[in-house]
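Secondary and tertiary structure notes
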Amino acid sequence: MKLLLKWKIWRIEFALKNLVRAEGFKPMVWSFGAYYIDPKYLVFVVGVPTDAAKETLKSTSTFTASMKELLETFNWPIQARAEVVFDVESQETVDRENNGNWWYHYK
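These notes cover the structure that comes with them.

Thresholds applied
- Residues numbered from 1 in each chain as written.
- Predicted model: local features only at pLDDT ≥ 70, side-chain atom pairs only at ≥ 80, totals over all residues.
- Heavy atoms only, no water.
- Helix = DSSP H or I, 4+ residues; strand = E, 2+ residues; numbered from the N terminus.
- Rg over C-alpha atoms; globule rule 2.2 N^0.38 Å.
- Buried < 20%, exposed > 50% of the residue type's maximum accessible area, 1.4 Å probe, protein only.
- Contact = heavy atoms within 4.5 Å.
- Lys, Arg positive; Asp, Glu negative; His and termini not counted.
- Charge placed at Lys NZ, Arg CZ, Asp CG, Glu CD.
- Core = buried A, V, L, I, M, F, W, Y, C linked by side-chain atoms within 4.5 Å.
- Phe/Tyr/Trp six-rings, centres within 6.5 Å; stacked < 30°, edge-to-face > 60°.
- Pairing = 2+ DSSP bridges.
- Axes fitted to C-alpha atoms, helices over the stretch in contact; angles between N-to-C directions.
- Salt bridge = Lys/Arg side-chain N within 4 Å of Asp/Glu carboxyl O.

If you tally the helices and strands in the protein chain, you get five helices and three strands. Listing the helices and strands of the protein chain from first to last along the sequence gives α-β-β-α-α-β-α-α. Computed over C-alpha atoms, the radius of gyration of the protein chain comes to 14 Å, within 12% of the 13 Å expected from 2.2 N^0.38 for 107 residues, which places it in the range of a compact globule. Judged by the C-alpha coordinates and their principal axes, the protein chain covers about 40 × 30 × 20 Å. Expressed as a percentage of its 107 residues, the buried residues of the protein chain come to 40%. Within the protein chain, counting contacts between residues at least 6 apart in sequence, those at least 24 apart form 57% of the total. In the protein chain, which carries 14 positive and 13 negative side-chain charges, the distance between the mean positions of the two groups comes to 8 Å.

This is how it looks when you write it as structure tokens:
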């Protein structure tokens, strides 16, 4: 089960990168969490270069909905879908708040 979930995560991350590229931004995408304990404990992070790009993506309702739809597309466990978090953050914010350290930013 754990390996199957990891495979689905990789596919969702790849699809997220494509969604961000389609909006005209260069993405960094990764995930973290204890999904192997319970699939609801998962966070996807979409990193973009600027605060303006972050605000554009966050304010685009179709982008937000498209991110959540990936859970259905890649058959993430139904009971966990509502709990999975998608966050959009900018390198500018991480630079400003945590000296560019993404790990500290999400700690």
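Right, let's get into the nonpolar core. Judged by nonpolar contacts, the single largest core of 24 residues is most densely connected at Ile12, Leu16, Phe44, Val46 and Trp76. When residues of this core are traced back to their parent elements, those giving at least two are α1 (2–22), β2 (43–48), α2 (51–59), α3 (61–73) and β3 (85–90). The biggest single contributor to this core is α1, with six residues.

With that out of the way, let us pick up the packing of aromatic side chains. Evaluation of the coordinates by the stated rule reveals six aromatic pairs. An angle of 80° between the planes, with centres 5.5 Å apart, marks the rings of tyrosine 35 and tyrosine 36 as edge-to-face. Clustering of aromatic rings is evident, with ring pairs tying together Trp30, Phe32, Trp102 and Tyr106.

In this fold, valine 45 is placed in strand β2. Here the alpha-carbon distance between valine 45 and histidine 105, two residues 60 residues apart in the chain, equals 11 Å. Ignoring sequence-local partners within four residues, the contact set of valine 45 consists of Met28, Val29, Trp30, Phe32, Asp87, Trp102 and Tyr106.

Let us now look at the sheet that holds β3. Overall, mixed pairing links the three strands, which are arranged β1-β2-β3 in an open sheet. In this open sheet, the two strands that pair with only one neighbour each are β1 (28–32) and β3. Pairs of neighbouring strands in the sheet enclose a mean axial angle of 20°, with direction left out of account. With six bridges joining them, β2 and β3 adopt parallel strand pairing. The residue bridging valine 46 from the neighbouring strand is valine 88, located in β3. Against the sheet, α3 engages β2 and β3, with an angle of about 135° to β3.

A separate point is the pattern of salt bridges. One pass over the full model with this rule turns up two salt bridges. A salt bridge links aspartate 51 to arginine 96; its shortest N-O distance comes to 3.0 Å. You can see aspartate 51 sitting in helix α2 and its partner arginine 96 sitting in helix α4 (residues 91–98), a full 45 residues away along the chain. We classify arginine 96 as exposed; its relative accessible area is 53%.

What is shown is where atoms sit, not what they do.
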